[in-house]
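Coordinate analysis (summary)
Residue strings, one per chain:
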Amino acid sequence: MTGDTLTLRPALGAIVPMAIVSAFFLFVGIGALSEMQGTDEWKSINLASSGALIVFALWAGLLVPTARIHLTPDSLFLRRFWHTRWRVPRARAVLCSGGVGPEGLLPGMAVYDSGTDKKIGEILAAQFHPGDLQHLQRMLTGGCSGTRPVT
């Protein structure tokens, strides 16, 4: 990490609960596979539901640990599952604190492109250390008024 770049990784307090939930669903899915009984039709249903539980467990277990927020001299972007989810030019990036998620009930930061006044993405505050998010906000030049960027 240099003065112009920053990489934020999820907090351990966010990773551990997701790992526990993931392990539970993985255990249930594998347990259901090992207990397959009955007719061929029920075995197919059991196989499909067990497979879905195992896939969900793997997805949930990797959702938080693979999240990374990168601030480079050129851009701010979020990567999850080793794929860039959103990107905005650094000079136009604005972070606005408030509610995020489908209903706006979760604490976090909305990421705006001040050039277009368009919401680019969201950062869930519970996934990262509060001090890291404050440091990220200080490194950006754009300001926020309420829930919208100042233009």
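Presented here is a report on the structure given in the accompanying data block.

Analysis parameters
Residues numbered from 1 in each chain as written. Predicted model: local features only at pLDDT ≥ 70, side-chain atom pairs only at ≥ 80, totals over all residues. Heavy atoms only, no water. Helix = DSSP H or I, 4+ residues; strand = E, 2+ residues; numbered from the N terminus. Expected span 1.5 Å × (residues − 1). Buried < 20%, exposed > 50% of the residue type's maximum accessible area, 1.4 Å probe, protein only. Contact = heavy atoms within 4.5 Å. Salt bridge = Lys/Arg side-chain N within 4 Å of Asp/Glu carboxyl O. Patch = residues over 30% accessible without salt bridge, like charges linked within 9 Å, V, L, I, M, F, W, Y side chains within 5 Å. Areas by Shrake-Rupley, 256 points an atom, 1.4 Å probe, with all protein chains shown as cover. Pairing = 2+ DSSP bridges. Axes fitted to C-alpha atoms, helices over the stretch in contact; angles between N-to-C directions. Phe/Tyr/Trp six-rings, centres within 6.5 Å; stacked < 30°, edge-to-face > 60°. Lys NZ or Arg CZ within 6 Å of the ring centre and 35° of its normal. Core = buried A, V, L, I, M, F, W, Y, C linked by side-chain atoms within 4.5 Å. Arc of directions from axis to C-beta.

Take helix α1 (residues 12–34) next. The terminal C-alpha atoms of α1, which comprises 23 residues, lie 32 Å apart, in line with the 33 Å expected from a rise of 1.5 Å per residue. Along α1, the positions that sit buried rather than exposed are Ala14, Ser22 and Gly29. Packed against the buried residues of α1 are α2 (40–63).

Attention shifts here to the pattern of salt bridges. Oppositely charged side chains can form a pair if their charged atoms are brought close together. Applying the stated criterion across every chain, the model contains two salt bridges. In this structure, Arg92 and Asp113 form a salt bridge, with 2.7 Å as the shortest nitrogen-oxygen distance. Of the two residues, Arg92 is situated in the loop between β4 (83–89) and β5 (93–100) and Asp113 in strand β6 (residues 106–113); the sequence distance between them amounts to 21 residues. Residue classification places Asp113 among the buried residues on the basis of a relative accessible area of 6%.

Right, let's get into a nonpolar patch on the surface. On the surface, Leu12, Val16 and Ile20 cluster together into a nonpolar patch covering about 300 Å² of accessible area. Mapped onto the elements, Val16 comes out in helix α1.

What follows concerns the sheet that holds strand β1 (residues 6–8). Here four strands make up an open sheet; going across it, the order is β1-β2-β3-β4 and the pairing antiparallel. Here the strands that pair on one side only, and so sit at the sheet edges, are β1 and β4. Taking each pair of neighbouring strands and ignoring which way they run, the sheet shows an average axis angle of 15°. In this sheet, strand β3 (residues 75–80) lies alongside strand β2 (residues 68–71) in antiparallel orientation, the contact comprising four bridges. The residue of β3 that forms the bridge with Arg68 is Arg79. Helix α3 (residues 130–139) rests against β1, β2 and β3 of the sheet, and its axis sits at about 150° to β1.

Our focus in this paragraph is the packing of aromatic side chains. Evaluation of the coordinates by the stated rule reveals three aromatic pairs. Seen in terms of ring centroids, Phe25 and Phe56 are 5.1 Å apart; in terms of plane orientation they differ by 90°. Their pairing is edge-to-face. With Phe25 in helix α1 and Phe56 in helix α2, the pair connects residues that are 31 residues apart, well separated along the chain. Accessibility expressed as a relative area gives 35% for Phe56, which makes it partly exposed. Of the aromatic side chains, those joined through ring pairs into one cluster are Phe24, Phe25, Phe56 and Trp59. Stacked on the ring of Phe77, the Lys or Arg Arg87 has its end atom at 4.1 Å from the ring centre.

What follows concerns the environment of Arg9. Within the fold, Arg9 resides in the loop between β1 and α1. For Arg9, a relative accessible area of 47% translates into the label partly exposed. The spacing of Arg9 and Ala32 is 23 residues in sequence and 34 Å in space, taken between C-alpha atoms.

On to the nonpolar core. In terms of nonpolar packing, the biggest core is built from 19 residues, with Ile69, Leu76, Leu95, Ile123 and Leu136 touching the most fellow members. If you tally residues by element for this core, the top one is α3, at three residues. Residues in contact with Leu76, not counting those within four places in the same chain, are Ile69, His70, Leu71, Trp86, Arg87, Val88, Arg90, Ala93, Leu95, Val111, Leu136 and Leu140.

This paragraph deals with α3. Turning to α3, its buried residues are Leu133, Leu136 and Met139. End-on, the buried residues of α3 take up no more than an arc of 120°, which puts them together on one face. Those residues of α3 that are exposed and aimed more than 90 degrees away from the buried face are Pro130 and Arg138. Turning to α3, the residues buried within the fold contact β1, β2, β3, β5, β6 and β7 (118–124).

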